[in-house]
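The primary structure of each chain is shown beneath.
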Amino acid sequence: MPLLSINNWLSILRRYRLIGVIRANNSELGRKKAHALAKGGVRLIEITWNSYQPDELIATLRKELPHCYIGTGTILSDDDLRRSIEAGVQFCFTPHCDLNLLNVAHSHNIPMIPGAFSPTEIITAFKGGAKVVKVFPISSLGGVNYIKNIRAPLPHIPLIPTGGVTIDNASDYIKAGSIAVGLSTDLFPQKLIFDNNWDMIVERIEQIQQLLVNIDH
């Protein structure tokens, strides 16, 4: 796999189109989810920073899943970012736009994807140096129609909707022009986790990953 950098970040997103987001309250569950994502063909895995001991989990996954890119999300402070970089993170998401965090991440050649809500925030993030902007929470903004409406005047800004993307509607976001989507809860139904049915979870993940990479637009 090519080394992920700011320069090839967009091409990697276009290739895989799906970021599997993991928020786990214990390390073993987070590890199982990550391995299920990898087994299902997902190559972009985000460990949210409000997971249990996220730095240790990221460092472990960097060793265990060398064929995947391991990133983090919910980065809120300089200390969060510093610790994530020390853990070996390869990309970062934030729920907001903090240009200082963006500049620090980029100084380490680590792509950072700031979160934005309005057209003003999206443009601010992009002009501030973001290669791509997270639109969050998309479910509160009108879903796919919001992406279509935003892309009409801003077709040059790559967007990743998160927060309400599901297996059923993920392809609609790609068809609407999103460069990729972030998926979390819908990849890991609680009943399947409770039943320890990881084979079915992997099957769900594999189906949506294949669907997204095969969309032409």
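Structure's up top.
Residues numbered from 1 in each chain as written. Predicted model: local features only at pLDDT ≥ 70, side-chain atom pairs only at ≥ 80, totals over all residues. Heavy atoms only, no water.

Draft legend 1. Broad picture of the overall build of the protein chain. When its secondary structure is counted, the protein chain shows ten helices and nine strands. In terms of principal-axis extent, the alpha carbons of the protein chain reach across some 45 × 35 × 30 Å. Sequence-distant contacts in the protein chain: of pairs separated by 6 or more residues, those separated by 24 or more amount to 60%. Total accessible area computed for the protein chain in this model is approximately 9700 Å², and 50% of it derives from carbon and sulfur atoms. Within the protein chain, one finds 21 positive and 19 negative side-chain charges whose respective centroids are separated by 5 Å. (Helix = DSSP H or I, 4+ residues; strand = E, 2+ residues; numbered from the N terminus. Contact = heavy atoms within 4.5 Å. Areas by Shrake-Rupley, 256 points an atom, 1.4 Å probe, with all protein chains shown as cover. Lys, Arg positive; Asp, Glu negative; His and termini not counted. Charge placed at Lys NZ, Arg CZ, Asp CG, Glu CD.)

Draft legend 2. Focus on the pattern of salt bridges. Applying the stated rule across the entire model yields seven salt bridges. With a closest N to O distance of 3.6 Å, glutamate 28 and arginine 31 form a salt bridge. On the criterion of helical spacing, the pair formed by glutamate 28 and arginine 31 is a turn pair, its members being three residues apart in helix α2 (residues 27–39). Judged by relative accessible area, glutamate 28 falls into the partly exposed class, the value being 40%. Classification of arginine 31 as partly exposed rests on a relative accessible area of 29%. The shortest N-O distance in the salt bridge between arginine 82 and glutamate 86 comes to 3.0 Å. Here glutamate 86 and arginine 82 lie together in helix α4 (residues 78–87), a separation of four residues that amounts to about one turn. Using a relative accessible area of 42% as the deciding quantity, one classes arginine 82 as partly exposed. Taking the relative accessible area as the measure of exposure, glutamate 86 reaches 57% and is therefore exposed. (Salt bridge = Lys/Arg side-chain N within 4 Å of Asp/Glu carboxyl O. Buried < 20%, exposed > 50% of the residue type's maximum accessible area, 1.4 Å probe, protein only.)

Draft legend 3. The side chain of serine 51, seen in detail. Position of serine 51 relative to the elements: it lies in the loop between β2 (44–48) and α3 (54–64). Only 3.0 Å separates the side chain of serine 51 from the side chain of threonine 48, close enough to count as a polar contact. Excluding anything up to four places from it in sequence, serine 51 contacts Ile22, Arg23 and Ala24. (Polar contact = N/O pair within 3.5 Å; in protein donor to acceptor, adjacent residues only side chain to side chain.)

Draft legend 4. Local environment of the nonpolar core. In terms of nonpolar packing, the biggest core is built from 63 residues, with Ile45, Ile122 and Phe188 touching the most fellow members. No other element matches the six residues that helix α10 (residues 198–213) contributes to this core. Not counting residues within four places of it along the chain, the set of residues in contact with isoleucine 45 comprises Gly20, Ile22, Ala34, Leu37, Ala38, Leu65, Cys68, Tyr69, Ile70, Gly71 and Phe91. Grouped together as the second largest cluster of nonpolar side chains are 16 residues, Ile12, Tyr16, Phe93 and Ile179 included. (Core = buried A, V, L, I, M, F, W, Y, C linked by side-chain atoms within 4.5 Å.)

Draft legend 5. Main features of the sheet that holds strand β8 (residues 159–161). The three strands lie next to each other as β6-β7-β8, forming an open sheet whose pairing is parallel. Lying at the two open borders of the sheet, with one neighbouring strand each, are β6 (115–116) and β8. Looking at chain direction, strand β7 (residues 133–135) and β8 are connected through three bridges and run parallel. Paired with valine 133 across the two strands is leucine 159, which belongs to β8. Relative to the sheet, helix α6 (residues 119–127) contacts β6, β7 and β8, its axis offset from that of β7 by approximately 160 degrees. (Pairing = 2+ DSSP bridges. Axes fitted to C-alpha atoms, helices over the stretch in contact; angles between N-to-C directions.)

Draft legend 6. Representation of the pairing of strand β1 (residues 18–22). The buried fraction of β1 amounts to five of the five residues, a majority that puts the element mostly inside the structure. Where burial is concerned, the two faces of β1 agree: the one with Leu18, Gly20 and Ile22 and the one with Ile19 and Val21 are both buried. Pairing of β1 with strand β9 (residues 181–183) involves three bridges; the strand directions are parallel. Note that in β9 the partner of leucine 18 across the bridge is valine 181.

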